[in-house]
Amino acid sequence: MSWWSDDADDDEPEFDESAVRVRPNRKGNRPRTKTRPEHNDAVTGRVLGVDRGRYTVLLDENTPDERQVTSARASELRKKAVVTGDRVDIVGDTSGAEGSLSRIVRIQPRVTLLRRSADDTDAVERVIVANADQMLIVVAAANPEPRIRLVDRYLVAAYDAGITPILCITKTDLADPAEFLANFAGLEFQVFTSRSDEMPLDAIGAALVGHDTVFVGHSGVGKSTLVNALVPDAKRAVGVVNTVTGRGRHTSSSTVSLRLETDAGRGWVIDTPGVRSFGLGHINTDNILKAFTDLAAIAEDCPRGCSHLPDAPDCAIMEAVEAGRLGDAGAARLDSLQRLLATFAPSNRTVSTER
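Just so we're clear, the structure is a prediction, and the values are computed from it rather than from any experiment. (Residues numbered from 1 in each chain as written. Predicted model: local features only at pLDDT ≥ 70, side-chain atom pairs only at ≥ 80, totals over all residues. Heavy atoms only, no water.)

Visitor: Requested: an account of the overall build of the protein chain, with residues and values cited.
Guide: When helices and strands are tallied, the protein chain shows seven helices and 13 strands. Residues classed as buried in the protein chain amount to 44% of the 355 residues present. Accessible area of the protein chain: about 20,100 Å², with a carbon and sulfur share of 47%. (Helix = DSSP H or I, 4+ residues; strand = E, 2+ residues; numbered from the N terminus. Buried < 20%, exposed > 50% of the residue type's maximum accessible area, 1.4 Å probe, protein only. Areas by Shrake-Rupley, 256 points an atom, 1.4 Å probe, with all protein chains shown as cover.)

Visitor: Account for the pairing of strand β5 (residues 102-107), naming residues and giving values.
Guide: Two strands pair when backbone bridges link them, and strand β3 (residues 67-73) and β5 are joined in this way by three bridges, in the parallel orientation. Across the sheet, residue Ser71 finds its bridge partner in β5, namely Ser102. Relative to β5, strand β4 (residues 87-92) is paired through five bridges, and the arrangement is antiparallel. Among the inter-strand pairings, Val91 is bridged to a residue of β5, identified as Arg103. (Pairing = 2+ DSSP bridges.)

Visitor: Tell me about the pattern of salt bridges, and name the residues and values.
Guide: Between side chains of opposite charge, a pair can form as their charged atoms come close. Under the definition given, this model contains 14 salt bridges. As a salt-bridge pair, Asp86 and Arg110 come within 2.7 Å of each other at their nearest N and O atoms. Here Asp86, found in the loop between β3 and β4, pairs with Arg110, found in the loop between β5 and β6 (113-117); they are 24 residues apart in sequence, far enough to count as distant. Judged by its relative accessible area of 0%, Asp86 is buried. The exposure class of Arg110 is partly exposed, given its relative accessible area of 32%. For the salt bridge of Arg106 with Asp89, the shortest nitrogen-to-oxygen distance reads 2.8 Å. With Arg106 in strand β5 and Asp89 in strand β4, this residue pair connects regions lying 17 residues apart in the sequence. We classify Arg106 as partly exposed; its relative accessible area is 33%. Taken together, the shared-partner salt bridges connect Arg46, Glu61, Arg87 and Asp212 into one network. (Salt bridge = Lys/Arg side-chain N within 4 Å of Asp/Glu carboxyl O.)

Visitor: Go over the nonpolar core with me, naming the residues and quoting the values.
Guide: As a rule of thumb, soluble globular proteins bury nonpolar side chains together. Leu114, Met135, Ile137 and Ile317 are the most contacted members of the largest nonpolar core, which totals 49 residues. Of all the secondary-structure elements, those providing two or more residues to this core are β7 (125-130), β8 (134-140), α1 (148-161), β9 (164-170), β11 (212-217), α5 (293-299), α6 (316-322) and α7 (330-343). When residues of this core are assigned to their parent elements, the largest contribution, eight residues, is made by α1. Two domains each donate at least three residues to this core, and these are domain 2 (121-271) and domain 3 (285-343). The contact partners of Met135, leaving out residues within four places of it in the chain, are Leu114, Tyr154, Ala158, Ile163, Thr164, Pro165, Ile166, Thr213, Val214 and Val216. (Core = buried A, V, L, I, M, F, W, Y, C linked by side-chain atoms within 4.5 Å. Domains from an automatic or database assignment. Contact = heavy atoms within 4.5 Å.)

Visitor: Just give me the short version of the pairing of β3, but keep the residues and values in it.
Guide: Of the pairings in the sheet, the one linking strand β2 (residues 54-59) to β3 comprises five bridges and is antiparallel in character. Paired with Tyr55 across the strands is Ser71, a residue of β3.

Visitor: Summarise the side chain of Gln134; cite the residues concerned and give the values.
Guide: Turning to its location among the elements, Gln134 is positioned in strand β8. For Gln134, a relative accessible area of 8% translates into the label buried. Beyond its immediate chain neighbours, meaning those up to four positions away, Gln134 contacts Ile163, Thr164, Ile166, Ala207, Leu208, His211, Asp212, Thr213 and Val214.

Visitor: Describe in detail the packing of helix α3 (residues 201-208) against helix α4 (residues 223-230), supporting the description with residues and values.
Guide: Where α3 meets α4, the closest approach of the two axes is 11 Å, and the angle between their N-to-C directions is 85°. Considering the angle they form, α3 stands roughly perpendicular to α4. From α3, Leu201, Ile204, Gly205 and Leu208 reach across to α4, where they touch Leu226, Ala229 and Leu230. For the contact of α3 with α4, a count of residues per class yields six nonpolar, one polar and no charged. (Axes fitted to C-alpha atoms, helices over the stretch in contact; angles between N-to-C directions. Parallel < 35°, antiparallel > 145°, perpendicular 65-115°, else oblique. Nonpolar A, V, L, I, M, F, W, Y, C, P; charged D, E, K, R; others polar.)

Visitor: Describe in detail α4, supporting the description with residues and values.
Guide: For α4, the buried fraction is high: six of the eight residues fall into the buried class. Residues of α4 that are buried include every one of Lys223, Ser224, Leu226, Val227, Asn228 and Leu230, and no others. On the buried face of α4, the contacting elements are β8, β9, α3, β11, β12 (256-262) and β13 (265-271).

Visitor: Help me get a handle on unusual backbone geometry, residues and values and all.
Guide: In the segment running from Asn143 into Pro144, the intervening peptide bond is cis, with an omega of 5°. Mapped onto the elements, Pro144 comes out in the loop between β8 and α1. In the Ramachandran plot, His308 falls in the positive-phi region, its phi being about 65° despite a non-glycine side chain. Within the secondary structure layout, His308 lies in the loop between α5 and α6.

Visitor: I'd love a proper account of the state of the cysteines, names of residues and values included.
Guide: Under the counting rule described, the total for this entry stands at zero disulfides. Just so you know, Cys302 is unpaired, no disulfide at all, and the nearest cysteine sulfur is the one on Cys315, 3.9 Å from it. Free of any disulfide, Cys315 has its nearest cysteine sulfur in Cys306, 3.9 Å distant. (Disulfide = S-S within 2.5 Å.)

Here it is in structure tokens:
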């Protein structure tokens, strides 16, 4: 007889499920399932603003049933940021009645995403707005003084996100912006100039119709003033520039979408808080050159792997600047490009070079 025999099994005790001890559920409810509802009845809306965990969402946009509802983020989205400009699916009470609350259950795929980091060494990105297709960069000709490097950074962030940049120079009655604009002579974007007593609202408004345009700018440049002029119901807080430091005071504390109404049509203005720095720690460095379209065309003649930095051999951009083919602004444009590229050089990743 084999040592493995059915007869030996007769001596083994018999067990059944009744002998299993099951620990009771302390909460007295059923175990949670990983299967989530599909929310086929969800409706899609546009996030207009975020305030302390509550989201203002516009439903049935441009229809007779258009309304704003207040929503909270569903628990399954607790690790996903919902930002102004997002298209989201919501369920629950979508009537928009006072005191009602709906729930955001999905975020629709984003077309664009504008981000910034605290500084160039910070890889943690801070999302500013989603789905914008234009960026209006607001710069003052004086008080406070325009910052070329900051505008360069806005341009890099815009091109990296696939957003079309527009430049607006305010307070041109205080200083001639020609010298400042010369630094961007080779770039292909629209430029508006505005005086304190006369703003080209019709021209700017026409450029914003049919677009979702995010407004960015240094504190105190007149960004909120321009927003209030374009959208009279906006009532965005307006600050003043400190006469001692020459810096503007932060007035807009949140990002919000505002509807633009003009004779030519509608658009969306997305106002953001003013910033004094714009970190690019999250940027794909291959996209930096895209912000300098005039230099990017020349860079096609550079050797493969050219860094375009001062020590790069046979750099076509530097050769063009030295030969004077880029005019008087060529050296300044190259300097802007090299400063940004140097920021992301491996040996400089621990130090921010923004001024």
